[in-house]
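# A look at the structure
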Amino acid sequence: MKKFAWILSLVLCMGLFSGCGNKASDDGGNSNTSAAVEEKEKAPAETAKPENEEEVEAVSLSDWESLHPEWKSITAFYKESYVSKAADKLGKKEDKSGPDLLEEHAAGAHSEIASITFSGDTLTLKDDADRELAKSKYRYIKTLGKGVEHGEFAVFEAEEEVPEQFKYLALMEPHGGEGDITHFHARYAKAIDAPELEDGDWWPVFVDPDSTQDQVIHEILGEEE
């Protein structure tokens, strides 16, 4: 009987020690899990990038400057005698006067800006009397008409004080060459959302000042001398 009681006591003690060991193990596991959760909560959350977000690549004004530092409005050539002569000649064919033809062209190409000079990020705008209209550093904002052939305009904002109508400039990349006049279109406005920047009837043209007479006549009148 004593032997049986001794064995029973031994079994109970072993069970007690085993339970304590398991509890310690459980406590250790819970402690590790809690630490992992706490560490995860402290970690900074990653910001998810919207699927439709596009990478914006800035447009540089050097794209214009590298071709020509100075560009001249096509309307500044109206006063040239060879343009007047060509307009009068074409007018006779169309039963119109030369000045009428130039006025029709000016309806879509008119511009207060007679010339634009590019120097790094700085643009200098002048009128047809060579007086400065505005001078400022301009920074790229966005592109209008993206993906439209001959319809993309890079919009730049003046970083310095300028007359309000020249606060924003929309410039198309230069195109032409191979005999055609190298030129680009430009629009200007006082607000980023102004309708003038997307006016499909307004296409001011700026060309290389050293363009040939035939190139100028063709651009204005659609034919060569």
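Remember, it's a predicted structure, so these values are computed and weren't measured experimentally. (Residues numbered from 1 in each chain as written. Predicted model: local features only at pLDDT ≥ 70, side-chain atom pairs only at ≥ 80, totals over all residues. Heavy atoms only, no water.)

## Description of the overall build of the protein
Quick note on the threshold: We count a stretch as a helix when DSSP gives it H or I for four or more residues in a row; a strand needs E for two or more, and each element gets its number in order from the N terminus. Each residue is placed in one exposure class: buried if its accessible area under a 1.4 Å probe, protein chains only, is under 20% of its type's maximum, exposed if it is over 50%, and partly exposed if it falls in between. Only heavy atoms enter the contact rule, under which two residues are in contact if any of them lie within 4.5 Å. Only the protein chains shown count as cover for residues, and the accessible areas themselves come from Shrake-Rupley with a 1.4 Å probe.
The number of helices and strands found in the protein is 5 helices and 9 strands. Mapped in sequence order, the helices and strands of the protein form the string α-α-β-α-α-β-β-β-β-β-β-β-β-α. Going through the 225 residues of the protein one by one, you find that 34% of them count as buried. Sequence separation of 24 or more characterises 51% of the internal contacts of the protein that already satisfy a separation of 6 or more. Here the protein has roughly 14700 Å² of accessible surface; of this, 50% comes from carbon and sulfur atoms.

## As for the packing of aromatic side chains
Test applied: Pairs were defined over the aromatic rings of Phe, Tyr and Trp, the Trp ring being its six-membered one, requiring ring centres within 6.5 Å. Orientation was assigned from the angle between planes: stacked under 30 degrees, edge-to-face over 60, tilted for the rest.
A complete count under the given rule lists 10 aromatic pairs for this structure. Ring geometry for Trp64 versus Phe184: centroids 6.4 Å apart, planes at 80°, classification edge-to-face. Here Trp64, found in helix α2 (residues 62-65), pairs with Phe184, found in strand β8 (residues 180-189); they are 120 residues apart in sequence, far enough to count as distant. Of the residues examined, Trp64 reaches a relative accessible area of 0% and is grouped as buried. A centroid spacing of 5.9 Å and a plane angle of 45° characterise the contact between Phe153 and Trp203, whose relative ring orientation is tilted. Highlighted residues: Phe153 in strand β5 (residues 153-158) and Trp203 in the loop between β8 and β9 (205-207), separated in sequence by 50 residues. The class for Trp203 is partly exposed, based on a relative accessible area of 29%.

## Examining the confidence of the model for the protein
Going by this rule: Values of pLDDT, the confidence the predictor places in each residue, fall between 0 and 100.
Scored by pLDDT, the protein comes out at a mean of 82, with 72% of its residues at no less than 70. A low-confidence stretch, residues 1-8 (pLDDT under 50), is modelled with 0 contacts involving residues beyond four sequence positions or located in other chains.

## Some thoughts on the pairing of β5
Worth spelling out the cut-off: Criterion used throughout: strands pair if DSSP finds at least two bridges between them.
Counting buried residues along β5, 6 of its 6 residues qualify, which places the element largely inside the surrounding structure. Alternating positions in β5 separate into two faces, Phe153, Val155 and Glu157 on one and Ala154, Phe156 and Ala158 on the other, with burial throughout. Sheet topology places strand β4 (residues 132-144) next to β5; 6 bridges connect them, and they run antiparallel. Within β5, the position partnered with Thr143 by the bridge is Ala154.

## Concerning helix α3 (residues 81-93)
Note the cut-off: Multiplying one less than the number of residues by 1.5 Å gives the expected span of a helix.
With 13 residues, α3 extends 19 Å between its outermost C-alpha atoms, agreeing within 8% with the 18 Å of an ideal straight helix rising 1.5 Å per residue. Taken together, the buried residues of α3 touch α4 (98-109) and α5 (213-221). Immediately downstream of α3, the backbone of Asp95 shows phi near 60°, a positive value.

## Section: unusual backbone geometry
Even without a glycine there, the phi angle at Asp95 is positive, about 60°. For Asp130, which is not a glycine, the phi torsion comes out positive at approximately 65°. Tracing the backbone shows Asp130 in the loop between β3 (122-126) and β4.

## Digging into the environment of Ala134
Checked against the element boundaries, Ala134 lands in strand β4. By relative accessible area, which is 5% here, Ala134 ends up buried. For the pair Ala134 and Gln165, spaced 31 residues apart in the sequence, the C-alpha separation amounts to 9.9 Å. If sequence neighbours within four positions are ignored, Ala134 has contacts with Leu123, Thr124, Leu125, Val162, Pro163 and Phe166.

## Considering the side chain of Ser136
Where we set the bar: A 3.5 Å cut-off defines polar contacts: any pair of N or O atoms within that distance qualifies, except that in protein one atom must be a possible hydrogen donor and the other a possible acceptor, and neighbouring residues in sequence count only when both atoms are side-chain atoms.
With respect to the helices, strands and loops of the structure, Ser136 is situated in strand β4. At 3.0 Å, the side chain of Ser136 and the backbone nitrogen of Glu160 are in polar contact. Contact partners of Ser136, with chain neighbours within four places excluded, come to Asp121, Thr122, Leu123, Ala158, Glu159, Glu160 and Val162.

## Things to note about α5
Every buried residue of α5 is accounted for by Gln215, Val216, Ile217, Ile220 and Leu221. Buried residues belonging to α5 abut α3, α4 and β8. Among the residues trailing α5, Gly222 stands out with phi positive, at a value near 85°.

## Re the pattern of salt bridges
The line we're drawing: Only one rule defines a salt bridge in this text: a Lys or Arg side-chain nitrogen within 4 Å of an Asp or Glu carboxyl oxygen.
Taken as a whole and judged by the stated rule, the model has 6 salt bridges. A salt bridge links Lys126 to Asp130; the shortest N-O distance between them is 3.7 Å. The salt bridge partner of Lys167 is Glu157, with a shortest N-O separation of 3.9 Å. Placement of Lys167 in the loop between β5 and β6 (168-171) and of Glu157 in strand β5 is noted, with a sequence separation of 10 residues between them. On the basis of relative accessible area, Glu157 is assigned to the buried category, the value being 13%.

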